[in-house]
Amino acid sequence: MEKKYISDRFKHILHGGDYNPDQWQDSPNVLSEDMRLMKLAGCNAMSVGIFAWAALEPREGEYDFSFLDKAMDDIYENGGRVILATPSGARPAWLSQKYPEVLRTNADRSKRLHGSRHNHCFSSPVYREKVANINRRLAERYKDHPALLMWHISNEYGGECHCEYCREAFRSFLKDKYKTLDALNHEWWTAFWAHTYTDWSQIEPPSTLGESSVQAMKLDWRRFVTHQTVDFMKAEIAAVREFTPTVPVTTNLMQQFGDTDARELGAACDIISWDSYPAWRGNDENDIVTDAGVAFWHDLFRSIKHRPFMLMESTPSHTNWKEYNKLKRPGQHALYSLQAVAHGSDTVQYFQWRKSRGATEQFHGAVVDHVGNEHTRVFREVASLGARLAKLDAIVGTATSCRTALLYDYDNDWALSYAAGFQNADKKVFETAKKHYFPLWKRGINTDVIGRDDDLSGYDLIVAPMLYTVPSALEDKLEEYVRNGGTLLCTYTTGMVNENGLCHLGGFPAGKLKEVFGIWNEEIDTLYPGEFNTAEVGGKEYRATDYCELLHLRGARALGTYTSDFYTGMPAVTVNTYGKGKAYYIAFRDAGDLTDELTGHILEECGITSDFDGTLPYGVTAHSRTDGETLFLFLENHATTPAVTQTAHTWHNVESGEAVTGEISLKPYEVLILARKVQ
Amino acid sequence: MEKKYISDRFKHILHGGDYNPDQWQDSPNVLSEDMRLMKLAGCNAMSVGIFAWAALEPREGEYDFSFLDKAMDDIYENGGRVILATPSGARPAWLSQKYPEVLRTNADRSKRLHGSRHNHCFSSPVYREKVANINRRLAERYKDHPALLMWHISNEYGGECHCEYCREAFRSFLKDKYKTLDALNHEWWTAFWAHTYTDWSQIEPPSTLGESSVQAMKLDWRRFVTHQTVDFMKAEIAAVREFTPTVPVTTNLMQQFGDTDARELGAACDIISWDSYPAWRGNDENDIVTDAGVAFWHDLFRSIKHRPFMLMESTPSHTNWKEYNKLKRPGQHALYSLQAVAHGSDTVQYFQWRKSRGATEQFHGAVVDHVGNEHTRVFREVASLGARLAKLDAIVGTATSCRTALLYDYDNDWALSYAAGFQNADKKVFETAKKHYFPLWKRGINTDVIGRDDDLSGYDLIVAPMLYTVPSALEDKLEEYVRNGGTLLCTYTTGMVNENGLCHLGGFPAGKLKEVFGIWNEEIDTLYPGEFNTAEVGGKEYRATDYCELLHLRGARALGTYTSDFYTGMPAVTVNTYGKGKAYYIAFRDAGDLTDELTGHILEECGITSDFDGTLPYGVTAHSRTDGETLFLFLENHATTPAVTQTAHTWHNVESGEAVTGEISLKPYEVLILARKVQ
Amino acid sequence: MEKKYISDRFKHILHGGDYNPDQWQDSPNVLSEDMRLMKLAGCNAMSVGIFAWAALEPREGEYDFSFLDKAMDDIYENGGRVILATPSGARPAWLSQKYPEVLRTNADRSKRLHGSRHNHCFSSPVYREKVANINRRLAERYKDHPALLMWHISNEYGGECHCEYCREAFRSFLKDKYKTLDALNHEWWTAFWAHTYTDWSQIEPPSTLGESSVQAMKLDWRRFVTHQTVDFMKAEIAAVREFTPTVPVTTNLMQQFGDTDARELGAACDIISWDSYPAWRGNDENDIVTDAGVAFWHDLFRSIKHRPFMLMESTPSHTNWKEYNKLKRPGQHALYSLQAVAHGSDTVQYFQWRKSRGATEQFHGAVVDHVGNEHTRVFREVASLGARLAKLDAIVGTATSCRTALLYDYDNDWALSYAAGFQNADKKVFETAKKHYFPLWKRGINTDVIGRDDDLSGYDLIVAPMLYTVPSALEDKLEEYVRNGGTLLCTYTTGMVNENGLCHLGGFPAGKLKEVFGIWNEEIDTLYPGEFNTAEVGGKEYRATDYCELLHLRGARALGTYTSDFYTGMPAVTVNTYGKGKAYYIAFRDAGDLTDELTGHILEECGITSDFDGTLPYGVTAHSRTDGETLFLFLENHATTPAVTQTAHTWHNVESGEAVTGEISLKPYEVLILARKVQ
C-alpha cells in the first residue's frame, strides 16, 4: 500500500499555524521572539501571507516583499517550512476604491462598500486580473525558496455576488446545463404560477426582491455559486502553477460555509485541508457528541481524495467569534489534535500563532498570547503536543481503510431545505446524518463520508439517511450496489425527487428503489414539536418524532410497526432482500435508540468490526490508519472520566515503544497511539 | 323564504378544485386520467386558469387557448362545470420585462424584480390595460360555452405598492375624503411632533424610511390599499361583464390577508368565496377551538351578503406552507367540508386537484397525489364525500337565520393595533372576538359576524368586544339599538376614538355610550404577561389578565367587583337598563370562564336557543339552514371521541332518509344531517 | 457651602411639564382650563414649544408666535415660569420638502423620507442655518419676557447620519485625532485583514454594507457622533445666547439613547436635565431593584456637574411606548418624584401636561386626561405632590456629599460591547455596574457615578467594575489614587485595552495595574448560560457565572479561591496593599451575594457610613443633601409593605415641622423628609 504524502519534500506531521509578521513590522523584537518560540513549541510549518495584500502591494503596482522575504528566510533557518498564501481573501482599500466592480452586489441589488473580508465578486475581470498578478509575483519570487512547502490558495472561499457579471454568468451556466428554455421550464416546473421563461434574459438570480419560490432555480443558483467559486480558484491556481508546477496547492475548506459545496472546491486542489472549530463545553454530555461530529467532517474531507488531508486551522485554546467562547480544558487540545491524525490528517495547524493587538480576532486563541512569552498553560500544551507529533513520522502518509460509508450530500441537503413541505423551519438533514454516524463512531468503525457522485462499489454497508434526491444515475447505482450484495440503510423522505427537485411520479421511493426496498410510501405525516408517535420494533417500543411515513409492504418484511395513531399496525421499519444484498428502511424519525441499535445489528450481520478488539466504553473510540503492513490505532478517551478497556493483541505504544496488552487504562482526554503488524 | 343560488344554472353543491392542465400539456395521459378520476371522485366543478397567463399568452399578443378549450370541453362532457379564472394573479415574465412599471415598489422604495406572485401594482395603467385585454379575450371566447359557470376574478388579492402612481392615488384618495388640509391635519392630529402638512404633495405613505408614527395616516393607508384593490378588481370585472353580463363573479377572499378589508372586496362581487386553511393537529385540545375559529370565518363571509357562499379552497389532506404540515386524520376532511355547508357554503372546493411535479406547492395536499391513481386514502375520502354532497340538493340555496350577531371589524382591529399604548406587542382584538364567539358556537347558536357599518336592527343580541373605534354614526346606531330593546355586550377599550383614531374627549366610553352603559372608565391598567388580578362575579372568583379598567358607576349596576390590587371593590362587570334594552360591560380581560358563563346567562335572558334541542357535549355543535319550510340541521362532532345526545323532535336523516329521535350517537368527527318541518 | 441654583431668579422646586398649547389653538376653553388646572395642581414651570416649529413657522419665513405669546403671558400671570424649547427636534414638512439634505442618510446609504422626529442631519449647513434662525427669533422675541426661566435646547438628541457631509466630517474628526494615516492604521490595527488605509478618502463609516469588524473604527464613529451632536447643540446654544447671555440652557438627556455619550452633551450645557422612564410593576421583586437603577442615573447625571440637576420628564401615571404600560400604584408617583429630589434634583417635571387627542403619544400618561378635568386619581396625586414640593424651598440648591464613587463609562461600555470574544451576545457592562451600585444604594451611601476622565482624588472608595479600557492617563490616575490611600475595587476584564481597544502587551491588567492589584490574569474562561463554577471566600461558597479569570498572585493576598473545574485553588478574590491604599479584585462574575457582602466589608474597612444611623430594611434607603449647616435626609420606603426603623438623633420633619426620634414607621411607598443640624 503506497503512502501518499502532503509533500514529498517534508515527510513529517506538520505543526504550526497562521503567522502574520505583516502586523508586527515595526516590532523587530516580536519577530525575533516568534522564531525562538516556534522552536520551543515544536512548530515546523507556518501559513504566511493570508490577508497580506495591503502589505505586499501597498499601492497599485508598488510591491514590498521585505517582511515576507525575512519570514521565509527566518522560518527556514529555524528548521520550518512555509505554506504560502495567495492574498485574495481581502483586498487593499485602494483596489476597492479604484475598481468598485470588484465589490460584491447583494441579493437585494445593493452594492457593498469596502470592508470586512470575503467581499469580492468572483466574476469581475478586474479582480481576476489583479489576483492573478499578485499570485504570479509571489510564485515567481519564491518558486525556488527552500522554505516553500505548498500553496494556501486564498482563505475560506464563500459567499455570492449578484452583479451584472455574475447574473450573466448564471445565465451562461444555465444555457450550458439545459441547452433549451423548454428544458429549463420543464425542470423548474415554471408553468406553476406562470413563471415560464421565453427569453434567457428574463432569468434573474433568487432575490428577496423577486423570485424566491422556485426551488430548482435556487438549487441551480447554489450550484452556480460553487461553480463560479471553483472557476475563480482555478484561475488563482493557474497563476501560481505557471511558476511552481510541482508545488501542491490546497485551500482551507469549511464545513457548510457560504453554502458552497466544499467537495467541489476540494476536488480542484491537490490536497484537502479544512478549518475545524467545534463548540466544546468541557462536559461529556455535550462534548462526546460534538467530538463525533468533528470526526464526521474529518472523514468527509478525507473521503474527497481518499488520502491524508490537512487540519489547516484550529484554535489552541478558544475562539472569539462564537456566542460563547470557552477555554479548552487541559488535555482537550491534544485530544482534538490527535483525533485529526487518527482520521487521516497529517497536520495540526492553528489559527493563530500570535494574538493580534487589535481588530476582529484580537481575542481569538493563539499559541502566543498578548503576554508574549512561553509561560502560559496554552503554550505549554502546544509545545507538549509538538513533541508528541515529532514521534509520528511512521504514520505520515498512511491510509484509512473503510468497509462502511455514510452518504451525506450537500446538494441533497439544499434540495430538501428548499422544498416547501413537512417541517419548513428545519428539515434536519445534517442532524440526521450525524445521528446515523454516531453509532459507527462509538463502535470504532472506520467510515468514509461520501457524496452521491462517489463510487459505491467498494463498501459492504452504506448508510444514506434522508436521501430525498435520487437522480436516475444514483437510482441505478444503488440498485446495482444492493443487487451485487451490498447492504443499504435508508430512511423517510428517500427517493422523492430528481436532481432538480422535480417529483418522481408513480409513487415513492422512486423507480427501482420501490423494488430494492420492497415498499410503497403513500403519505408522510408531520408531527408538531413535542408530539410523539410510537413504534414497536423487535418487541421494544420506540418514540417517533417529526416524520412518520405510511408505508405499504411490496415484498419487504416489517421489522416493526406503528403502535399509535390511525396508522397503528402499518410498517415502521422494513428489510428487503434484493439480489445478493439487503435494503433496510426506517419510516420515522427516531427520537431514541432505534438508529443505534439497528446499526449495531446490521454491522453484526455484515461482519463489520472495529480494528480495536476491546470494549469501547461510552466516550472511548478507536480509529486506525495503515500502510498495509502496520496497523496504527488511536485509542481516544473523549470523556472527562478515566476509562478501562482491554485487548487480546499485543501492541506497541508508538510514542514510548512499550508493549501494550490486556487491560488498558485511559486518563480523561487521553489518546494512546498503538501499532501492530497487520496479520 | 326564497332560495338564493350560487348559479341559477346548476343547483347542486359544487365539489371540485383548482385544476391546472396548463402544467401537463405534454402529458396527454395525465389529462385523460384527470377526467376519469374526476368522475370517480364525484367532482362537478373545477377552477381553471388561475395563474395560466403565461400559457394563454406566451408572447405579447400571441394567444394559445388550446389547453383551455380542451379542458372546458372535457369537463363539460364529463358532467362538470368550470369556474373560470382571470389570470392576473401572476403575470408572464415578458410582461414584467417589457413594462417594469407593473412591478411593485416596496415601502422602502426599492423596486421589486419579477417573481413569485401577487406582485403587481394595482394602479399601473399598463397592468390594468393588459389585464383587461386578457380578461376580455377569455370572456369573448367562452361566453357561450356551456361549461362556464362563473368567474373567479384573479386570486387572493393582497399586498400594496408604493410607486409614484400609488402615492399620487393615495393623495387623491385623501383629498376626496378630507377636502382640505386643515381637516386632514386635525384628524391626523399633525400638530404633534410638528407634522402639519402645508401641501398635499408633502404626504407620503407610511414607510420605515419616513413616517411610521401617525396612526391616522396608517389607517388611511390601509383603507386606500383596500380601495385601490377594489378599484382594480372592478376593472377586471367590468372587462368580463362586457361579454358575460349575467355570469356571476367572485374572488377568493382570505381571512386577514395583506391587511385588506375582505368585506369590501367581497361586497363588489356577486358571490362571496373564501379559502380556508386551519391548522388542525388531530387532538381535541387544539382542534375544537380551531374549528370554532373556522366557523367564525364562515359566518363572517356569509354575513357579507346574507346568502350562501363558497368554500373556494381547502386541502383534502395537508398544506405545505405552514411551519408544520400535518395530515388530516381520517374523517376530518368530511367534517370540515360539511361544517362549511352547515354554515352556509354551497360548495366544497379544493386547492388542488393534482399535485404539481415541481415548484412551491408540489407538496401541497391534492385529490390526486404524485402516485397518480385513485388508490390512496385521500382520494377515497374525497370520493366518499362527493357521494354525500350529491344527496344535498335540497339544501342548496337555503338561508341561515340569526338572532345573534358578533361585531368584528377589520378597521377597528387595525386602529387598535396601530394605537401606541397598553400592550403594544399584540392588542389581541381578533383573539378576543374568537373568545366571545366560542360560547355561541358551542351552544349551537346561529350567529352573524358583522362589521360596524352593518344594520343592527334585526338582532336581539349583539356582542361587540373591544369596540375601540366608535364613529358618531355607530354611537347613534348602538344607542338606538339598545333603546329599542336590543341587548349589547361590550368590553374594556370600548368607545375611545373616532374613525380616525382621534380620542373622544369628556371621558370613556364616548358620548351617549356613557349613558347606554351607565359607566365612566377612568383608567386602564395594563398587566404584564403572567400577572393576574381577580374579580368576584356572582359569588365566583375569576382571573383578569392584560387589561383592567377602573370604572365608576353612573347608573349601571355592578354584577361583579375587583378583589385585588388598589382597585379592589371597583366594578368589574356591569349591566345597565337603557330604554327597552340592556347593556353589559366587562371591564377586564377574562382569563377563564366568565365570558362563557355570562354569555350563557345573557342568551337565557334573551330567550335565544339553538335550533337543536338536545344537550351539546364539549366538541359537539349544531348549526342550521332553512328555506322557511324545512329546517336542515348539521349535528357535528368535532371531538376524537364518540358523543351521545338526544332530541325530543322527530327528524329525518337527509342522507339515509331514516327517522331520528330520542338518543343520538355520534362517532368521532361524524356529521349528521337532519331535517324537519318548521313548526 | 454655597448653594447652586437652577435659576437664580426662581428659588423653588420646579413642578410642571411639557405643555403643548400649539395642539389646541382651536379650543380656547381647553387653554383656559389649562391655566385653572395648573394652579390646582401646584405647577409652577411649564416646558413650552418642544416640537412647535410647524406652528411657529408654518411656511418658510412666515412666523406666528401668537399661541406662544399667549402661553408665556398666561403662565406668568398664573404664577408660573416657562422653560422655553428650541424646536429643532422635529422640523416642518416644508423644510424637508424644499431641502432634502436635512434628512438623514442611513448606514445602508438609503435616504430617509420626512417623518417621525429626530431625523435630521447634524452636519447639514442648511439645517444648522434654519435652526439658528428660528432659535434667534425665539430668543429675540422673549428675551425680556418675565416668564422666561431657561432654555430647553431641542429634545432628546440622538441618532446618526451617513450623508456625504457627515462622512466628510468623520474624516476631519479622524485627521484631528490621529494627524497621520500611519497613526490611525496602528491604532485601528488595520494590518489585520488587509484594511490598511492609504488615503483618508478610503475611510467610510461603519456600515452593514461595508466595514463592521474594525472595533476601533466603530468606537471612533460613536465618538464622532457624540462630537457632531455636541457641535450641533453648541450652535443652537450660541444662537439663543446672542440675545439671552444669562439665561441658563439645558437639554433633556437620556440614559443610553442613540448611543451618544450623555456626559459630553451635558457638559456643554449650564444645567443637567434628564428624562426618567423606569419600568415599575407594582411588586417589590421588580421595583426595588428598578428603583435603585433610577438612583444610579440620578447620581450619574448629578455627578456631571456636581450640582443640582433637573428631572425634566417623567410620567404622572403610565407610559404608552413600552411593551407593557402599567399604571403607577397610588403613592409610587410621590415616591419616585421625591427620590429624584433626594438625589439632587431641584425639579419634578412631566411629560406631559395634557394627553393629546391623536398621534403617537395620545395614550401617554399626563396630569390632565382626555376627560379634561381634575377629578381623576392621577390629578389628585400630582396636586398632592405639588403641595409637598412647595414646602421644600430650604432644600433648593443644596449639595450631595459623597466619599464613594462608582466608575461607569459609556466609552468603556461601547469598547467592550464591540470587542469580539467571551460572551458576544451581551457583555453586561451596565448590568454589572448596577450590581455593584445596589449594595451602596441599599446601605444609604451617597455615591457619585463618574466617568474615566473625572477627578478621583476626593474619594475614599472607588468601585470600577469591568474597567476594560485603561488609557495610560487612567492607569496613572488609578495608581496615584491607591498609592495616596484610596481603596479601589475592580473585577474581571480590567485593564485589557487602551482607549482605542488595542490590547496592552505584557499581561493583564495593564502596566502599573499589575502592581497595584498584585496579580497577573493569564486567561479568561467563558461559561455558557446555565453553567456555574464555585469559589470559596471567607469560608462561604459563592457561584460564579459567565466569566472566570485564571489569576496568579504577584504580591496580592487571595481572599478566596476557586473550588471547581481545572482552576480549583487559583485565586478568585484578591486584595493588595499598595502605597497607602488597597486594591481589591474579583476574578469572576458573581451570581450571588459576594458583591454585596464584599462591598459591605470594604465600606466598614473604609469607615464609610450612611447619613442615617438606623437600620435600613430591604427596600428602605436614605439619601441626603446638605448646605453645610443642615443635613436634609430623605428616608424612602420603596417596598409595598410598611417598614420600621429607628434613629438616635432628633430630626425635624421638614414638611410637618414635628420632631422625629426613636422608632420611625414608614408606610408603603412613603418618603419622610427629615432635617437636622450638621454636627
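Look up a bit, the structure's there.
A. Representation of the relation of the copies chain A and chain C. Under the fitted operation, chain A is carried onto chain C by 0.0 Å of movement along the axis and a turn of 120°, and the coordinates agree to an RMSD of 0.1 Å. With respect to symmetry, the two chain copies, as superposed, fit the operation of a three-fold axis. Residues of chain A ranked by C-alpha distance from the rotation axis are headed by Ser110(A), positioned 5.7 Å from it.

B. Fine view of the pairing of strand β24 (residues 659–666) of chain B. Residues and elements named next belong to chain B. Of the strand pairs in this sheet, strand β23 (residues 643–653) and β24 are connected by 7 bridges, and their pairing is antiparallel. Pairing of Ala643 across the sheet is with Leu666, part of β24. Here β23 folds back onto β24, and the loop between the two strands holds 5 residues, one of which, Gly657, carries a positive phi near 80°.

C. Molecular detail of the interface of chain B and chain A. Of the residues lining the interface, 53 residues belong to chain B; the matching set on chain A comes to 53 residues. Across the interface of chain B and chain A, roughly 4700 Å² is buried in total on both sides, 56% from carbon and sulfur atoms. Three residues, Tyr324(B), Arg357(B) and Phe363(B), lead the burial of chain B against chain A; their summed loss comes to 17% of the area buried on that side. The shortest N-O distance in the salt bridge between Glu531(A) and Lys326(B) comes to 2.5 Å. Applying the counting rule to chain B against chain A returns 28 residue pairs in polar contact (both at pLDDT 80 or more). Sorting the residues of the side of chain B that touches chain A by element identifies α2 (53–56), α4 (93–98) and α12 (377–389) of chain B as the ones contributing at least two each. It is α4(B) that contributes the most residues to the side of chain B that touches chain A, 3 residues altogether. Of the residues contributing to the side of chain B that touches chain A, the split by class is 20 nonpolar, 17 polar and 16 charged.

D. Structural context of the sheet that holds strand β24 (residues 659–666) of chain C. All names here are of chain C. With antiparallel pairing, 5 strands are arranged side by side in an open sheet as β21-β22-β25-β23-β24. Because the sheet does not close on itself, it has two edges, and the strands there are β21 (620–626) and β24. With direction set aside, neighbouring strand axes in the sheet form an average angle of 25°. Two elements, strand β22 (residues 630–637) and strand β25 (residues 671–677), share 7 bridges in a ladder whose sense is antiparallel. For Phe632, the partnering residue across the bridge sits in β25 and is Ala675. Of the strands in this sheet, β21, β22 and β25 are in contact with helix α11 (residues 332–342), which crosses β22 at around 150°.

Quick notes on the rules
Residues numbered from 1 in each chain as written. Chains lettered and ligands numbered in written order. Predicted model: local features only at pLDDT ≥ 70, side-chain atom pairs only at ≥ 80, totals over all residues. Heavy atoms only, no water. Least-squares fit on C-alpha atoms with pLDDT ≥ 70 in both. Pairing = 2+ DSSP bridges. Helix = DSSP H or I, 4+ residues; strand = E, 2+ residues; numbered from the N terminus. Contact = heavy atoms within 4.5 Å. Buried area = accessible area lost by both parts, 1.4 Å probe. Salt bridge = Lys/Arg side-chain N within 4 Å of Asp/Glu carboxyl O. Polar contact = N/O pair within 3.5 Å; in protein donor to acceptor, adjacent residues only side chain to side chain. Nonpolar A, V, L, I, M, F, W, Y, C, P; charged D, E, K, R; others polar. Axes fitted to C-alpha atoms, helices over the stretch in contact; angles between N-to-C directions.

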